[in-house]
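Single-letter residue listing:
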Amino acid sequence: MRDLIALSGKQYAGKDLLADLLLKELPEFRKSPLAGAIKSEFAYLYHLTPQDVEAEKSKYRTGLIALGQRRRQQEPDYWIRRVMMHTGPKIISDIRLQREYDFFKTRRALMIRVEADRDVRASRGTLTAENDPTECELDTVSGWDLVIVNNGSLEDLAAAVPNIVTLVTKG
């Protein structure tokens, strides 16, 4: 059985939604987004709550990206190290950079890319910083264990879950 699942995709592709669906079937797993660590630190630095940051994510996205990059410049694996401190099986719901991809791939994570057309993603939320490396650096990676196209309904996305569970449990 694999104990790491890594999800990648652009903003509003459905990564967190897929992670939440997986948690219902894999309750021993914990959702450990890299962005969660960034949002937590951002909230602390700017005297906000993590809920404030989450509620207005598009408003703070530029600052979150800047903080993420600043910490990576100081220590390339800073955010990875933060989420890997948690013990037990994990779903990393938001890998966005080649270094993150390489890290989780070498640890035998199940590597899943969630894709959705731009117009579909735009209908789900405000798209910002679309040319930032955190949005496009993994666009050309072809070594995913599974690619899920999420242009449809919640039921369509949920239909992918049994296959993922099988891949996780068979390792």
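## Comments concerning the packing of aromatic side chains
Under the counting rule described, the total for this entry stands at five aromatic pairs. With 4.6 Å between their ring centres and 40° between their planes, Phe-42 and Tyr-46 make a pair best called tilted. With relative accessibility at 6%, the residue Phe-42 sits in the buried group. Pairing Phe-42 with Tyr-60 gives two aromatic rings, centres 5.5 Å apart and planes at 55°, and the pair type is tilted. One end of the pair, Phe-42, is in helix 2 (residues 34-45); the other, Tyr-60, is in helix 4 (residues 57-74), with 18 residues separating them in the sequence. With relative accessibility at 15%, the residue Tyr-60 sits in the buried group. Here the aromatic cluster, defined as three or more aromatic residues joined through ring pairs, consists of Phe-42, Tyr-46 and Tyr-60. Over the aromatic face of Tyr-78 sits the side chain of Arg-71, whose NZ or CZ is 5.0 Å from the ring centroid. Arg-107 extends its terminal NZ or CZ atom over the ring of Phe-103, reaching a point 3.6 Å from the ring centre.

## Remarks on the packing of helix 2 against helix 4
Interhelical geometry of helix 2 versus helix 4 gives an angle of 100° and a closest axis separation of 10 Å. The orientation of helix 2 relative to helix 4 falls into the category roughly perpendicular. Together, Ile-38, Lys-39, Glu-41, Phe-42 and Leu-45 of helix 2 and Lys-57, Tyr-60, Gly-63, Leu-64, Leu-67, Gly-68, Arg-71 and Arg-72 of helix 4 make up the contact between the two elements. For the contact of helix 2 with helix 4, the residue count by class is six nonpolar, two polar and five charged.

Rules behind the numbers
Every chain's residues receive numbers from 1 upward, in the order its sequence appears when written. Per-residue local features of the predicted model are confined to residues with pLDDT of at least 70, and side-chain atom pairs are confined, for both listing and counting, to 80 or more; whole-chain, interface and lining totals are unaffected and use all residues. Side-chain descriptors were evaluated using all non-hydrogen atoms of the structure, hydrogens and water having been removed beforehand. For Phe, Tyr and Trp, where Trp contributes only its six-membered ring, two rings pair if their centres lie within 6.5 Å, and the inter-plane angle classes them as stacked under 30 degrees, edge-to-face over 60, or tilted in between. Only protein chains enter the area calculation, which uses a 1.4 Å probe; residues under 20% of their type maximum are buried, those over 50% are exposed, and those in between are partly exposed. Under the DSSP-based scheme used, a helix requires at least four consecutive residues in state H or I and a strand at least two consecutive residues in state E, with every element numbered from the N terminus. In this analysis the charged atom, NZ for Lys or CZ for Arg, is taken to sit over a ring once it is within 6 Å of the ring centre and within 35 degrees of the ring normal. Axis angles are defined between N-to-C directions and span 0 to 180 degrees, where every axis is a line fitted to C-alpha atoms and, for a helix, only to the segment in contact. An angle below 35 degrees is read as roughly parallel, one above 145 as roughly antiparallel, one from 65 to 115 as roughly perpendicular, and any other as oblique. The contact criterion used is simple: two residues touch if any of their non-hydrogen atoms lie within 4.5 Å. Residues are grouped as follows: Ala, Val, Leu, Ile, Met, Phe, Trp, Tyr, Cys and Pro are nonpolar; Asp, Glu, Lys and Arg are charged; all remaining types, including Gly, are polar.

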